[in-house]
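Examining the three-dimensional arrangement
Here is what each chain is made of, one letter per residue.
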Amino acid sequence: MGPAELLVLTFPQETITVEAASALVKLRTAGDIRVIDSLVVTRHADGEASYGELSDFEHLRGVVVEGSHALPLIGPEDAQEAAELLEPGTVALLVLIEHVWAEAAAEALRSVGGRIASGVRIPPENIEEAVRVAQARVAAAGK
């Protein structure tokens, strides 16, 4: 198995849209990742939180393949933690993924007694800002 990661994807409305669910399906079918489990967490306008499977939402039943998440590994504690991140009237999609593309490297690492000890997800906007700063330094040094 390759490295796994739990992502919390947030959206500025109270439900997961068909477009967002379709994007998840595309990720799964591309073969670079495997979706192990997912869960929808909603913080309603009144501040109350609820959670459920993608298949629990009628408007998503045609998008999500039934039985595609055989391992229910995301639980109530994860849902509560994600709910605390949400503003009222918003929703999060928790997705537990396996990085299939890294499976061979992970196996090679394990075969020599190594392991992935840690990982840090860096948001794209942080990378973009760092690139802008670096480019500005290079431009200033060239003057």
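Placed above this text is the structure.
Our next topic: the overall build of the chain. Looking only at helices and strands, one finds 4 helices and 4 strands in the chain. In the chain, the succession of helices and strands from N to C terminus is β-α-β-β-α-β-α-α. Radius of gyration (C-alpha) of the chain: 19 Å, far over the 15 Å computed for a compact globule of 143 residues. Projected onto the principal axes, the alpha-carbon positions of the chain cover approximately 60 × 45 × 30 Å. Counting all 143 residues of the chain, 30% fall into the buried class. Contacts spanning at least 24 positions in sequence make up 81% of the contacts within the chain whose residues lie at least 6 apart. Per element, the accessible surface of the chain, about 9200 Å² overall, is 58% carbon and sulfur. Side-chain charges of the chain comprise 11 positive and 22 negative groups, with the mean position of each set lying 10 Å from the other.

In space, the 4 strands of this open sheet follow the order β1-β4-β2-β3, with antiparallel pairing throughout. This sheet does not close on itself; its edge strands, each paired only once, are β1 (4-11) and β3 (49-52). Along the sheet, successive strands turn relative to each other by an average axial angle of 20 degrees, direction set aside. Where strand β2 (residues 33-43) and strand β4 (residues 90-99) come together, 10 bridges link them in antiparallel fashion. Bridge pairing in β4 places Ile-33 opposite His-99. With respect to the sheet, helix α2 (residues 76-85) is in contact with β1, β2, β3 and β4, its orientation differing from that of β2 by roughly 60 degrees.

Looking now at a nonpolar patch on the surface. A surface patch of nonpolar side chains, about 380 Å² in accessible area, is lined by Val-120, Ile-122, Ile-127 and Val-131. Relative accessible area serves as the criterion here: at 44%, Ile-127 is assigned to the partly exposed category.

A separate point is the nonpolar core. The nonpolar side chains of a soluble globular protein tend to be buried, and buried together. Core analysis: the largest hydrophobic core is formed by 14 residues, its most contacted members being Ile-16, Leu-54 and Leu-93. Listing elements by their share of this core, those giving two or more residues are α1 (18-30), β2 and β4. Top contributing element to this core by residue count: β4, with 4 residues. Of all hydrophobic cores here, the second largest spans 11 residues; its members include Ile-36, Ile-74, Leu-86 and Leu-94.

The next subject is the pattern of salt bridges. What the rule picks out here adds up to 2 salt bridges. Residue Glu-129 is joined to Arg-132 by a salt bridge in which the shortest nitrogen-to-oxygen separation is 2.9 Å. Within this pair, Glu-129 and its partner Arg-132 are both found in helix α4 (residues 124-141), separated by 3 residues, close to a single helical turn. The partly exposed category is assigned to Arg-132, whose relative accessible area is 47%.

Rules and cut-offs
- Residues numbered from 1 in each chain as written.
- Predicted model: local features only at pLDDT ≥ 70, side-chain atom pairs only at ≥ 80, totals over all residues.
- Heavy atoms only, no water.
- Helix = DSSP H or I, 4+ residues; strand = E, 2+ residues; numbered from the N terminus.
- Rg over C-alpha atoms; globule rule 2.2 N^0.38 Å.
- Buried < 20%, exposed > 50% of the residue type's maximum accessible area, 1.4 Å probe, protein only.
- Contact = heavy atoms within 4.5 Å.
- Areas by Shrake-Rupley, 256 points an atom, 1.4 Å probe, with all protein chains shown as cover.
- Lys, Arg positive; Asp, Glu negative; His and termini not counted.
- Charge placed at Lys NZ, Arg CZ, Asp CG, Glu CD.
- Pairing = 2+ DSSP bridges.
- Axes fitted to C-alpha atoms, helices over the stretch in contact; angles between N-to-C directions.
- Patch = residues over 30% accessible without salt bridge, like charges linked within 9 Å, V, L, I, M, F, W, Y side chains within 5 Å.
- Salt bridge = Lys/Arg side-chain N within 4 Å of Asp/Glu carboxyl O.
- Core = buried A, V, L, I, M, F, W, Y, C linked by side-chain atoms within 4.5 Å.

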